[in-house]
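# Survey of secondary and tertiary structure
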Amino acid sequence: MAVNLLLGLQWGDEGKGKIVDVLTKNYDIIARFQGGPNAGHTLIFDGHKHVLHTIPSGIFHKNAVNVVGNGVVIDPIIFKKELENLAQFNLDIKSKLLISRKAHLILPTHRLLDAASETSKGKAKIGSTLKGIGPTYMDKTGRNGMRVGDLELEDWKEKYQALTEKHIKMIDFFDVDIEYNLEELETEFCEAIEVLKQLTFIDSEEYLNNAIKNKKTILAEGAQGSLLDIDFGTYPFVTSSNTTAAGACTGLGVAPNKIGEVFGIFKAYTTRVGSGPFPTELFDKDGEIMAKVGHEFGATTGRPRRCGWLDLVALKYAVQINGVTQLMMMKGDVLSGFDTLKVCTSYNYKGTEVNHLPYNIEEHNVTPIYTELKGWKEDLTSMTSVETLPKELNDYIKFIEDFVEVPVKIVSVGPDRKQTILK
Ligand code: GDP
Ligand code: IMO
Ligand code: MG
């Protein structure tokens, strides 16, 4: 049985959490493969909203096992808070939530380093979530990191001390004003480690490959989006992991020939939090409407999200990099009421029209060229079948499908689990 992947095709926040929750009933295992608490995945059902950062979005379903893969970076303090939020649901966390021994740990000093690095960059800052993601992945690739499996060793505290001392020297090197109380941070960290140690640690690549042999169904859950990928995103304004399909192989230990469907999620428009180029960004009333109607505020940091028209050139690029086999269009409901909708179908790149995503997509190099489509007036939020969707919305979807050459299989018309239409 193949492993299906679900990943974001834009700059994150496409609605991955919602769709993983919707699809979990079809799967035995949900496995997060990269990122960390920089992610904020929102699930809404039975009138309640839940935001998950590290824990996979299948956690609320009775039968699914949720795996935090080796490619994920875990902040024990945030993880502890997530567990506390779940306490009221009486989930059997010990057997439902399994953590890879090879996942790396975010130390308090990784967060401080993130802050020091961003402060030192001034205006050129990445707009990081400041969760310590970059420094933790740097320690991973630099072969200095601490992993979950280290917590089972007697000397983990010595490792922790040595790494922390090194980080303090690095923070001093940045020569910026970062206030911290190391003792307090350490106390909080050690308490959280004790909670983490109560959970089940596994050799996750072994577990998942055995599950594949035993014909279990697995859905790999991505975080962030393809345009934030460390290799293929809008570097340097990206995150520090491979958010694209290949990241699922390295982040779970699953071979490429075990991957089946690749579900690509996109919003019917585009958003971005943090710094970096965004060719179709709007600074007018249309952008304000998207932000207001779509409640576009980051689920992790609460920062307002920048909004703009759908960029089909970027979407096609993401579809290609990931080998997307099915698309899911989110937040179509937010576009109800626009007379005309614009979609970017090529760029003017330094005076020449191009159909691909060029190396530099900064404002001064790239101007989007739009195709205009007719909007729809109907409120979509209570619609439940494809037949009821307005003609203009179907035309909008058809245009996207023809452009990127992949079918749209799910249309989401609201944040609730139930507001999901299968095509
Ligand atoms: P994720 O990071 O990809 O899981 O997405 P986020 O949870 O960060 O952001 C998506 C936001 O859009 C959340 O507030 C969701 O509740 C909301 N959402 C998801 N799908 C829809 C939809 O179809 N319509 C509307 N209006 N909101 C949606
Ligand atoms: P989900 O999984 C949207 C952005 C940050 C910043 C850049 C680098 O909820 O879609 P980092 O903290 O990784 O060093 O930040 O990436 N970013 C996200 N934007 N959704 C996310 O996750 C994001 N995770 C990171 O805003 O621009
Ligand atoms: Mg999010």
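Check the entry above for the structure.
Residues numbered from 1 in each chain as written. Chains lettered and ligands numbered in written order. Predicted model: local features only at pLDDT ≥ 70, side-chain atom pairs only at ≥ 80, totals over all residues. Heavy atoms only, no water.

Moving on, we come to the coordination of the magnesium ion (ligand 3). Every protein donor of the magnesium ion (ligand 3) is accounted for by Asp13 (OD) and Gly40 (O), and the metal-donor separations fall at 2.1 to 2.2 Å. You can see aspartate 13 sitting in the loop between strand 1 (3–8) and helix 1 (16–23) and its partner glycine 40 sitting in the loop between strand 2 (29–32) and strand 3 (41–45), a full 27 residues away along the chain. (Donors = N, O, S within 2.8 Å, 3.2 Å for Na, K, Ca; no water. Helix = DSSP H or I, 4+ residues; strand = E, 2+ residues; numbered from the N terminus.)

Across soluble globular proteins, nonpolar side chains show a tendency to be buried alongside one another. Formed by 56 residues in total, the largest nonpolar core has its most connected members in Leu9, Phe266, Leu327, Met329, Leu335, Tyr396 and Ile400. With five residues, helix 12 (residues 391–404) is the single largest residue contributor to this core. Counting 31 residues, the second-largest nonpolar core is a separate cluster that includes Ile59, Val68, Leu86 and Ile99. (Core = buried A, V, L, I, M, F, W, Y, C linked by side-chain atoms within 4.5 Å. Buried < 20%, exposed > 50% of the residue type's maximum accessible area, 1.4 Å probe, protein only.)

Evaluation of the coordinates by the stated rule reveals one cavity of 30 Å³ or more. What the largest cavity holds in volume is close to 50 Å³. Lining the largest cavity are Leu9, Gln10, Trp11, Leu227, Thr270, Asp311, Ala314 and Leu315. For the lining of the largest cavity, the per-class residue count stands at five nonpolar, two polar and one charged. (1 Å grid on protein atoms, 1.4 Å probe; cavity = no way out; pocket = protein on both sides within 12 Å on 5 of 7 lines; lining within 4 Å. Points joined across faces, edges and corners; volume = space filled by probe spheres on them. Nonpolar A, V, L, I, M, F, W, Y, C, P; charged D, E, K, R; others polar.)

Close contacts around ligand 2 come from 20 residues, with Asp13, Lys16, His41, Thr129 and Thr239 the closest. Contact between ligand 2 and threonine 239: an oxygen atom at 2.6 Å from a side-chain N or O atom of the residue. Valine 273 is positioned with one of its backbone polar atoms (N or O) 3.1 Å from an oxygen atom of ligand 2. Protein contact buries 97% of the 550 Å² of open area that ligand 2 shows by itself. The residue inventory of the shell around ligand 2, partitioned by class, reads seven nonpolar, ten polar and three charged. (Near = heavy atom within 4 Å. Polar contact = N/O pair within 3.5 Å; in protein donor to acceptor, adjacent residues only side chain to side chain. Areas by Shrake-Rupley, 256 points an atom, 1.4 Å probe, with all protein chains shown as cover.)

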